[in-house]
Amino acid sequence: RLAEGERLARNHLDVVAARDGGTGTALSIAKATLADIIGGQGQFDEADRLIQDALVSERLRLGEAHPVVLSLLRQSADLAFRTGRYSLAFSRYDEASRFAETVLGESNPRTLVFRANSANALANMGEHENAIPMLEQMLSSLSSTLGESADETLITRSNYAYALRSAGRLMTSVQGVALVTGSGAGLGRACALTLGRRGAKVAVHYMKSREGAEDLVAQLTAAGAEAASFQADLTKASDVTSMVGAV
């Protein structure tokens, strides 16, 4: 499915580029769509190039704080974050928050979310003493602005708890081996990173996202965790049995 989605996105990009002559918001959106797909498969360099190309184009056409530009900034920061490039993610979230504050105001939900994401990136960089006060402030602001049950508030609360745990203010450790399916990209990748940080030995499963899985293993190993990747088609019992045996 991922391969088919990538193929369709590339074809769509080619069609829009030919139609629009290399400019226009439709082309930028087509680039962002392809970047989202391939970024989730670990193809960071190409995905980031596509988003940056779109950003340059839309900034020139629409201005720094246009909603389309802010959306692309958010996507570029998210891409850096989910591939473990936390310093780059922090700088991009911070840039987006400054533009959002200028146009939308400091208490606008989008501004607050950008700031909360900046703080979360700091926490993942290990700068807990700076990140925790920022997350506390953003959690309070989001709770007041959007309510306790809003998705943005709940996500920030979870990130705040992670920062506290990482700083040793809350107990969280995981023992043994964690087999995380689909961890080459997306939510599975995030779960694998969290488990590795908390002490688990991580078995990184993937079906097609080999590059993303190997990149994740490298990140986990660099962080001091034990990790290895395992390929398997979970629709095939023989693959599952073989993978579990290897783990």
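Just above, that's the structure.
The shown structure was predicted, so the numbers you read here are calculated from the model rather than taken from an experiment. Here the residue index of a chain counts from 1 through its sequence in written order. Restriction of local features to residues with pLDDT of at least 70 applies here, the model being predicted, together with a cutoff of 80 or more for giving and counting side-chain atom pairs; totals for whole chains, interfaces and linings are based on all residues. The basis for the side-chain values is all heavy atoms of the structure; hydrogens and waters are excluded.

A. Highlighting the overall build of the chain. Each helix corresponds to a stretch of at least 4 residues labelled H or I by DSSP, and each strand to a stretch of at least 2 residues labelled E; elements are numbered beginning at the N terminus. The helix and strand inventory of the chain stands at eleven helices and three strands. For the chain, the sequential pattern of α-helices and β-strands runs α-α-α-α-α-α-α-α-β-α-β-α-β-α. Note that the radius of gyration is over C-alpha atoms, with the globule rule given as 2.2 Å times the number of residues to the power 0.38. Its C-alpha atoms give the chain a radius of gyration of 19 Å, near enough to 18 Å, the size a compact globule of 247 residues would have. Contacts spanning at least 24 positions in sequence make up 57% of the contacts within the chain whose residues lie at least 6 apart. Exposure was quantified through the Shrake-Rupley algorithm and a 1.4 Å probe, taking into account, for residues, occlusion by the shown protein chains and nothing else. Total accessible area computed for the chain in this model is approximately 12200 Å², and 53% of it derives from carbon and sulfur atoms. A positive count includes Lys and Arg, and a negative count includes Asp and Glu. His and the chain ends are not counted in either. Taken as the charge location is NZ of Lys, CZ of Arg, CG of Asp or CD of Glu. Charged side chains of the chain number 25 positive and 28 negative; the gap between the two group centres comes to 3 Å. Contacts are residue-level and defined by heavy atoms, with any inter-residue pair within 4.5 Å sufficient.

B. Expanded view of a nonpolar patch on the surface. Patch membership is restricted to residues that have no salt bridge and whose relative accessible area is over 30%. Joining uses 9 Å for like charges and 5 Å for the nonpolar side chains Val, Leu, Ile, Met, Phe, Trp and Tyr. Each salt bridge in this description consists of a side-chain nitrogen of Lys or Arg and a carboxyl oxygen of Asp or Glu lying within 4 Å of one another. A contiguous nonpolar patch, built from Val177, Leu179, Val244 and Val247 and spanning about 310 Å² of accessible area, is present on the exposed surface. Considering the arrangement of structural elements, one finds Val247 in the segment after helix H11 (237–246).

C. A look at the side chain of Gln75. Structurally, the position occupied by Gln75 is in helix H4 (residues 67–82). Excluding residues within four positions of it along the chain, Gln75 makes contact with Ala32, Ala35, Asp36 and Ile51.

D. Spotlight on the environment of Glu64. Assignment of secondary structure puts Glu64 in the loop between helix H3 (44–62) and H4. The cut-offs for exposure are 20% and 50% of the maximum accessible area for each residue type, with area from a 1.4 Å probe on protein chains only; residues under the lower value are buried, those over the upper are exposed, and the others partly exposed. Under the relative-accessibility criterion, Glu64 is labelled partly exposed at 37%. C-alpha of Glu64 to C-alpha of Gln137: the two residues are 73 residues apart in sequence and 26 Å apart in space. Among all residues touching Glu64, those that are not within four sequence positions of it are Arg59, Val69 and Phe99.

E. Region of interest: the pattern of salt bridges. What the rule picks out here adds up to 13 salt bridges. Put simply, Glu58 and Arg61 hold a salt bridge, and the shortest N to O gap is 3.3 Å. You can see Glu58 and its partner Arg61 sitting in helix H3, three residues apart, about one turn around the helix. We classify Glu58 as buried; its relative accessible area is 0%. With a relative accessible area of 44%, Arg61 lands in the partly exposed category. Residue Glu95 is joined to Arg59 by a salt bridge in which the shortest nitrogen-to-oxygen separation is 2.5 Å. Linking Glu95 in helix H5 (residues 86–104) with Arg59 in helix H3, this pair joins segments that are 36 residues apart in sequence. According to the relative accessible area criterion, Glu95 is partly exposed, its value standing at 21%. Under the relative-accessibility criterion, Arg59 is labelled partly exposed at 24%.

F. How the structure looks around the nonpolar core. To define a nonpolar core, start from buried Ala, Val, Leu, Ile, Met, Phe, Trp, Tyr and Cys residues and group those joined through side-chain atoms within 4.5 Å. Leu70, Leu73, Tyr93 and Phe114 are the most contacted members of the largest nonpolar core, which totals 17 residues. Where this core is concerned, the elements lending two or more residues are H3, H4, H5 and helix H6 (109–124). Setting aside anything within four residues of it in sequence, one finds Phe114 in contact with Leu70, Arg74, Tyr93, Ala96, Ser97 and Ala100. In this structure, Ala178, Val202, Val204 and Val217 belong to the second largest nonpolar core, which totals 14 residues.

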